[in-house]
Amino acid sequence: MNPMLNIAIRAARKAGNIIMKGYEQSTKDTEVAQKGTNDYVTAIDKAAEQAIIEVVHQSYPDHAIIGEESGLIAGKESNVQWVIDPLDGTTNFVHRFPHFAVSIAIRENGITTVGVVYDPIRNELFTGVRGEGAKLNEFRLRVDNKRDLAGTVLATGFPFKTPRHCPAHLNMIEALMEKGVADFRRTGSAALDLCYVAASRVDGYFEIGLKPWDCAAGDLIAREAGALVTNFVGGTDYLTSGNIIAGNARIVKETLNSIKPILTDDLKK
Ligand code: IPD
Ligand code: CA
Ligand code: CA
């Protein structure tokens, strides 16, 4: 097995154990602090991130790490960067809504080469290695081959941290329903949404304003399962813009066409 994948899995499982211990405590015992509009962090997010950093640095002391909670930890070997979201789905975690994950991506010279997303509730481990495919536990993943949006179920996230985008987001939902989308899912974990595209549990996914740690690992897993992933105008710099669409190529193209007339200038990226 790819040695860095091995370490990423070890780190994700360790963080998952910390999250599950926290999950079993009473909600009253979970310290919650606010970072920004509707943006929360708990002591568990921080402990899980610390555990991941320790595991990574034991094996790779010179690698750089960008963690949601710690920011950039520069490394001597600046061409390898670990991008970490220790708990994707904090709002779900705080409410004891059982859907969240640990997300770890490894980027080499700016290209994501390994992605690990671990759901500790279901003990589901999603992995992707560049050029080698994507797996859920031991099973290979492949996106479905739906021909168009009619009858599809799409995952999305509301732009609750940037409410100015709410009108555009609601207009996108309406335009997609007009194309025959059967239903939408708002699960609360962007990392798992992308993995669920890979596993064909949903037919597609779109969201406004993500951060790289939300989607870097899920992006690789979805693409390695055969998905197309783009920004809102069909480009590939979604890790920078944070605007993301994923699905099979036909679903993504029809989604791009459907949202085109709605895009405000700051969403055309
Ligand atoms: C959030 C989740 C959520 C998405 C938000 C993210 P967090 O991550 O991925 O599904 O809608 O944009 O910020 O804050 O729980 O790590
Ligand atoms: Ca996140
Ligand atoms: Ca997080």
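Residues numbered from 1 in each chain as written. Chains lettered and ligands numbered in written order. Predicted model: local features only at pLDDT ≥ 70, side-chain atom pairs only at ≥ 80, totals over all residues. Heavy atoms only, no water.

Per an unreviewed UniProt entry, the chain carries the name Inositol-1-monophosphatase and comes from Phocoenobacter uteri. The record held by UniProt for the chain lists under Catalytic activity (unreviewed entry) the comment "a myo-inositol phosphate + H2O = myo-inositol + phosphate". Among the UniProt annotations of the chain, the heading Cofactor (unreviewed entry) holds the following wording: "Mg(2+)". (UniProt positions renumbered as here; feature names shortened; annotations may be inferred.)

> Looking at this model, I keep getting lost on the pairing of strand β7 (residues 111-119). Mind explaining?
Strand residues, when the strand is regular, have side chains that alternate between the two faces of the sheet. Within β7, eight of the nine residues are buried, which leaves the element mostly enclosed by the surrounding structure. With seven bridges joining them, strand β6 (residues 101-108) and β7 adopt antiparallel strand pairing. Within β7, the residue paired with A105 across the bridge is G115. Following β6, the chain reverses through two residues before pairing antiparallel with β7; N109 in that reversal takes a positive phi of roughly 50°. (Buried < 20%, exposed > 50% of the residue type's maximum accessible area, 1.4 Å probe, protein only. Helix = DSSP H or I, 4+ residues; strand = E, 2+ residues; numbered from the N terminus. Pairing = 2+ DSSP bridges.)

> I would appreciate a short explanation of the coordination of the calcium ion (ligand 3) in the present structure.
Ideal geometry at a metal gives 109.5 degrees between four tetrahedral donors and either 90 or 180 degrees between six octahedral ones. Protein-derived coordination of the calcium ion (ligand 3) comes from E68 (OE), D85 (OD), D85 (OD) and L87 (O), at a distance range of 2.2 to 3.2 Å. Counting the intervening residues between successive donors of the calcium ion (ligand 3) yields the motif E-x16-D-x1-L. Taken as a pair, the calcium ion (ligand 3) and the calcium ion (ligand 2) lie 3.7 Å from each other and share D85 as a ligand. Each member of the pair, D85 together with L87, is buried. (Donors = N, O, S within 2.8 Å, 3.2 Å for Na, K, Ca; no water.)

> What am I meant to see in the UniProt feature "binding site: Mg(2+)" (unreviewed entry) in the chain here?
The residues that UniProt annotates with the feature "binding site: Mg(2+)" (unreviewed entry) are E68, D85, L87, D88 and D214. Maximum C-alpha separation among the annotated residues is 9.7 Å over a sequence range of 147 residues, consistent with a single clustered spot. Along the chain, the position of D85 falls in strand β5 (residues 77-88). Note on D85: relative accessible area 1%, which makes it buried. If we skip the residues at most four places from it in the chain, D85 touches E68, A101, V102, S103, W213 and D214. (Contact = heavy atoms within 4.5 Å.)

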